[in-house]
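Structure assessment
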Amino acid sequence: MKINAGMRCHDICPKMELEELFGQVKAAGVTQIQLAMSKSISNYNFDPGHYSAGFARHIRSLLQENGIHVAVLGCYINPVNPIESQRQAEVARFIEHLKYARVMGADMVGTETGRLDPDMAVTPETYTEEAYQLLLKSMREIVSAAEKLGVIVGVEGVFDHTLYSPARMKRFLEDIDSPNVEVILDAVNLIGPDSVSPESQRRAVEKAFAYYGDRIGALHMKDFVYENGIQQFRHVGEGDFCFELLLKLVKQQKPHIAMLLENSSRERYHGDVEYLQSIFNRVG
């Protein structure tokens, strides 16, 4: 069984006009992408208020011409921005991306869950109940729009963001209580500086699948090391992440799930996919 691998569009080529962009993706032999439009497309304004169904249909037609599918439409906002006007602008931008996703046929629109700081600085206040309740306020607005549009919202946990653990994500899914919310699982993002050991990684991955394995809609795949207490990303196979358990659970429970490589490149992509495929073939 072949894994269903793709990568981030802005890792394949620099920001450029739409027509050339998708041509470059096709030339790289990539058929599935995560598309962050403001990072990848140079000839359009994606700020709130600029949405056009006609432009969304144009994107869809170019995707189809080049045989490309958008597994995740990336709209990474800070839904717990403590400055209310900025939080509202972030929510409005995400809701506008939901409209693009509906026309383009993207599987979901994805975001992380932010930090309780206007500049996204790491702060202990992010772990507080105040931050969690602000996240619920933002996400309830977003999910209400998603339900009306028939679009999936993908939510990604990160160890120093508002949804910082599998238990916190489980609580969030129960509180938000919507079939239009799924999880983008980036297992590396769950590994804080005190949980690098293989046993700690195993506990984090097993908890994620035990708590909400049925709600995982996409995977982000990358590797990591810690240097001076700071997580640094690496290409797959060049860091400390233990891929065997993750891919075993994927093979058992989500064999065709979209796996989107991060921090890869058009030169490395096919080799990185082969590396993950070799592990996938032997586990389970």
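Residues numbered from 1 in each chain as written. Predicted model: local features only at pLDDT ≥ 70, side-chain atom pairs only at ≥ 80, totals over all residues. Heavy atoms only, no water.

What about the environment of L136?
With respect to the helices and strands, the residue L136 is situated in helix α6 (residues 129–149). The class of L136 is buried, set by a relative accessible area of 3%. C-alpha of L136 to C-alpha of V80: the two residues are 56 residues apart in sequence and 9.0 Å apart in space. Apart from the residues lying within four places of it in its own chain, the contact partners of L136 are F172, D175 and I176. (Helix = DSSP H or I, 4+ residues; strand = E, 2+ residues; numbered from the N terminus. Buried < 20%, exposed > 50% of the residue type's maximum accessible area, 1.4 Å probe, protein only. Contact = heavy atoms within 4.5 Å.)

Quick word on the side chain of R168
Along the chain, R168 falls in helix α7 (residues 166–176). A polar atom in the side chain of R168 sits 3.3 Å from the backbone oxygen of T128. For R168, the contacting residues outside a window of four places in its chain are Y127, T128, E129, Y132, T162 and L163. (Polar contact = N/O pair within 3.5 Å; in protein donor to acceptor, adjacent residues only side chain to side chain.)

Some thoughts on the layout of surface pockets
What the largest pocket holds in volume is close to 410 Å³. Elements with a contribution of two residues or more to the lining of the largest pocket: α3 (37–40), α5 (84–104) and β9 (230–234). In terms of residues, the lining of the largest pocket owes the most to one element, α3, which gives three residues. Of the residues contributing to the lining of the largest pocket, the split by class is eight nonpolar, ten polar and ten charged. (1 Å grid on protein atoms, 1.4 Å probe; cavity = no way out; pocket = protein on both sides within 12 Å on 5 of 7 lines; lining within 4 Å. Points joined across faces, edges and corners; volume = space filled by probe spheres on them. Nonpolar A, V, L, I, M, F, W, Y, C, P; charged D, E, K, R; others polar.)

Considering the environment of N180
Among the structural elements, N180 can be located in the loop between α7 and β6 (181–185). The contact partners of N180, leaving out residues within four places of it in the chain, are A146, E147, G150, V151, I152 and V153. A distance of 3.5 Å separates a polar atom in the side chain of N180 from the backbone oxygen of A146.

Observations regarding the UniProt feature "domain: Xylose isomerase-like TIM barrel" (unreviewed entry) in the chain
As annotated by UniProt and renumbered to match this structure, "domain: Xylose isomerase-like TIM barrel" (unreviewed entry) occupies residues 24–265. The annotated region residues 24–265 carries 41% helix and 18% strand content, and the separation between its end C-alpha atoms amounts to 12 Å. (UniProt positions renumbered as here; feature names shortened; annotations may be inferred.)

A closer look at empty space enclosed by the protein
Taken as a whole and assessed by the stated rule, the structure comprises one cavity of 30 Å³ or more. Counted as a void, the largest cavity has a volume near 60 Å³. Secondary structure elements with two or more residues in the lining of the largest cavity: α7 and β6. In terms of residue count, β6 provides more of the lining of the largest cavity than any other element does, three residues in total.

So, the side chain of E262
In this structure, E262 sits in the loop between β10 (258–261) and α10 (269–282). We classify E262 as buried; its relative accessible area is 9%. Reaching out from E262, the side chain makes a polar contact with the side chain of K222 at a distance of 3.2 Å. Beyond its immediate stretch of four places on either side in the chain, E262 contacts R8, D11, D186, H220, M221 and K222.

Regarding the pairing of strand β1 (residues 4–8)
For β1, the tally of buried residues reaches four of five residues, placing the bulk of the element in the interior. Relative to β10, β1 is paired through four bridges, and the arrangement is parallel. Bridge pairing in β10 places N4 opposite A258. In terms of strand pairing, β1 meets strand β2 (residues 32–35) through two bridges, oriented parallel. Residue pairing in the sheet places M7 in a bridge with I33 of β2. (Pairing = 2+ DSSP bridges.)

Points about the packing of helix α9 (residues 243–253) against α10
At a minimum axis separation of 9 Å, α9 and α10 run at an interaxial angle of 65 degrees. Judged on the interaxial angle alone, α10 and α9 are roughly perpendicular. When the axes of α9 and α10 are compared, the crossing they make is right-handed. Facing α9, whose interface residues are F243, E244, L247, V250 and K251, α10 presents Y275, L276, I279, F280, N281 and R282. In terms of residue class, the contact of α9 with α10 is made up of seven nonpolar, one polar and three charged. (Axes fitted to C-alpha atoms, helices over the stretch in contact; angles between N-to-C directions. Parallel < 35°, antiparallel > 145°, perpendicular 65-115°, else oblique. Left-handed = near helix turned anticlockwise from the far one by under 90°.)

Comments concerning the sheet that holds strand β3 (residues 69–74)
In spatial order, the strands read β1-β2-β3-β4-β5-β6-β7-β10; together these eight strands close into a barrel with parallel pairing. Put simply, the sheet's adjacent strands are angled 30 degrees from each other on average, direction ignored. Where α7 meets the sheet, its contacts fall on β5 (153–156) and β6, and the angle it forms with β6 comes to roughly 165 degrees.

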